Amino acid sequence: MNTIEWLSRLIAFDTTSRYSNLALIDDAAQWLQDQGLSPWLAYNGERTKANLFVTIPSASGSQEGGLILSGHTDVVPVDGQDWHSDPFVAEIREGKLYGRGAADMKGFIASVLAAVPQMKAARLKRPLHIALSYDEEIGCLGAPVMIAELQARGLTPEHCIVGEPTSMKMVVAHKGIHTFRCKVHGKAAHSSLTPQGVNAIEYAAKLIVFINELAHQLQSRHQNDPAYDVPFSTLSVNTIGGGTASNIVPQLCEFEFDYRNLPHMGTEEIVRPIEEHIKKVLEPQMQAVDPACSIEMVHGENVPAMPEAEAALLHDLVTQLVADHARLKVAYATEGGQFQQAGIHTVICGPGSISQAHKPDEFVELAQLARCDDFLGKLIAAQSY
Ligand SMILES: [Zn+2]
């Protein structure tokens, strides 16, 4: 099967993150077994989803070291989006292949699977590995399970290319994502008796203003990195809900914010001042009216940033294979930070554009798929005797 045939086949599996990805994984695993390879799966707790990992050993039969080609199998929902063709049936129009996941990121997976016969035929100096994960789109939940299993099996890959859509340019670093949910517990009252209540929405608003001021401070810090498209860490309040009626002082208000940190900035740098503001300023004011009032803050998604690695070999290799020699740093997050944390030097490089990801009529240009096929062909050659 060539890349376009593989991509059409992969798109036909509806692997929206809320569903199981096992039909796709089992299909790929069966095909890899038919090629004489031995894929293994690493499941989630409920065994409804799995990561797939397979090694194409070196010419000497070694499975040690080597390079991982990595992609996530899940896709974002199409709910409420206006598509001009069935999102789960690949359709080619004017040099573009349309379908959910075409860019993010079944195109890369298709190109990798189509190259397996080439990898097997090559006399590899070091093994190549293929890693397919689940639940990337809902907080990179699958990759850590696979990385733990890699370590349990004593596998020690040195390098990794995550094929997220970068228009086949090399991304060497990216930001992290941390989400937080705040629950402001006030005290309800008839709105004619405001002094007897604690207005949860108004206290949420005070905390949101504080978070926004912190965001402005992050923007003006000296240690920002101009290599990023957005060169500072960002904080943004993105959802809010609360209150029951226009004549009731609201008891509860909840909001969520996200923190997109540069690699050198930890979560402590924003969590500590927010917690201090809650404990020292807002809760004492609230509790002066009713000691039961409080503000909870819960950490949700936790996707580490990917700092630029000291990985001259990998950077040189990928630089030789791409047309554009820039070393980009980007604001979106991937599983690359998790591989990097596990000591596996990682870069991001894949077909299609991030600007087409997650949208209705998501597509990948056929020219991008051809460039990815070419990239993998040269990569296999560079890794062979
Ligand atoms: Zn993706």
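As a reminder, the structure under discussion sits directly above these lines.
About the thresholds
- Residues numbered from 1 in each chain as written.
- Predicted model: local features only at pLDDT ≥ 70, side-chain atom pairs only at ≥ 80, totals over all residues.
- Heavy atoms only, no water.
- Pairing = 2+ DSSP bridges.
- Helix = DSSP H or I, 4+ residues; strand = E, 2+ residues; numbered from the N terminus.
- Axes fitted to C-alpha atoms, helices over the stretch in contact; angles between N-to-C directions.
- Contact = heavy atoms within 4.5 Å.
- Core = buried A, V, L, I, M, F, W, Y, C linked by side-chain atoms within 4.5 Å.
- Buried < 20%, exposed > 50% of the residue type's maximum accessible area, 1.4 Å probe, protein only.
- Donors = N, O, S within 2.8 Å, 3.2 Å for Na, K, Ca; no water.
- Tetrahedral: all angles 85-135°; square planar, octahedral: opposite > 155°, others 65-115°.
- Lys, Arg positive; Asp, Glu negative; His and termini not counted.
- Salt bridge = Lys/Arg side-chain N within 4 Å of Asp/Glu carboxyl O.
- Polar contact = N/O pair within 3.5 Å; in protein donor to acceptor, adjacent residues only side chain to side chain.
- Phe/Tyr/Trp six-rings, centres within 6.5 Å; stacked < 30°, edge-to-face > 60°.

Caption draft 1: Main features of the sheet that holds strand E9 (residues 177-185). Sheet architecture is open: four strands sit in the order E11-E13-E9-E14, paired in antiparallel fashion. For this open sheet the edge positions go to strand E11 (234-242) and strand E14 (294-303), each flanked by a neighbour on one side alone. Sheet twist, expressed as the mean angle between neighbouring strand axes with direction ignored, is 20°. Here E11 runs beside strand E13 (residues 252-260); their pairing, made up of eight bridges, is antiparallel. Looking across to E13, one finds that Ile240 is bridged to Phe255. Packed onto the sheet, helix H7 (residues 268-287) meets E9, E11, E13 and E14 and runs at close to 165° relative to E14.

Caption draft 2: Quick peek at the nonpolar core. The biggest cluster of nonpolar side chains holds 57 residues, and the ones touching the most others in it are Leu69, Met119, Ile161 and Phe375. Among all residues touching Ile161, those that are not within four sequence positions of it are Leu67, Ile68, Leu69, Ser70, Phe108, Leu314, Val318, Val347, Cys349, Phe375 and Leu379. Counting residues in hydrophobic clusters, the runner-up holds 29 residues, among them Phe180, Ala204, Ile270 and Cys293.

Caption draft 3: Main features of the coordination of the zinc ion. Each protein donor to the zinc ion is listed here as His72 (NE2), Asp104 (OD), Glu164 (OE) and Glu164 (OE); together their distances run 1.8 to 2.6 Å. Coordination at the zinc ion is irregular, judged from the four donor atoms that bind it and the angles of 53 to 139° they form at the metal. Exposure remark for Glu164: the relative accessible area of 4% places this residue in the buried category.

Caption draft 4: Summary view of the side chain of Glu137. Mapping Glu137 onto the fold places it in the loop between strand E6 (128-133) and helix H5 (142-152). Buried charge without a salt bridge: Glu137, with Arg100 as the nearest opposite-charge side chain at an N-O distance of 8.0 Å. Side-chain polar atoms of Glu137 contact the side chain of His358, separated by 3.2 Å. Residues in contact with Glu137, not counting those within four places in the same chain, are Ser17, His72, Asp74, Val75, Val76, Asp104 and His358.

Caption draft 5: Expanded view of the packing of aromatic side chains. This structure, assessed with the given rule, holds four aromatic pairs. Judged by centre distance (5.6 Å) and plane angle (55°), the ring pair of Tyr98 and Phe363 falls under tilted. Within this pair, whereas Tyr98 is found in strand E5 (residues 96-98), its partner Phe363 is found in strand E17 (residues 363-365), the two being separated by 265 residues in sequence. Classification of Tyr98 by relative accessible area gives buried; the value is 12%. Owing to a relative accessible area of 13%, Phe363 belongs among the buried residues under this scheme.

Caption draft 6: Representation of the pattern of salt bridges. Taken as a whole, this structure holds 16 salt bridges when the rule is applied. Linking Lys169 and Asp324 is a salt bridge whose minimum nitrogen-to-oxygen distance equals 3.9 Å. Pair noted here: Lys169 is in the loop between strand E7 (159-162) and strand E8 (170-174) and Asp324 is in the loop between helix H8 (312-321) and strand E15 (327-330), with a separation of 155 residues, a long-range link. Note that Lys279 is salt-bridged to Glu283, the shortest N-O span being 3.0 Å. Taken together, the positions of Lys279 and Glu283, both in helix H7 and four residues apart, correspond to about one turn of that helix. Via salt bridges that share partners, Asp225, Glu308, Arg327 and Lys329 belong to a single interconnected network.

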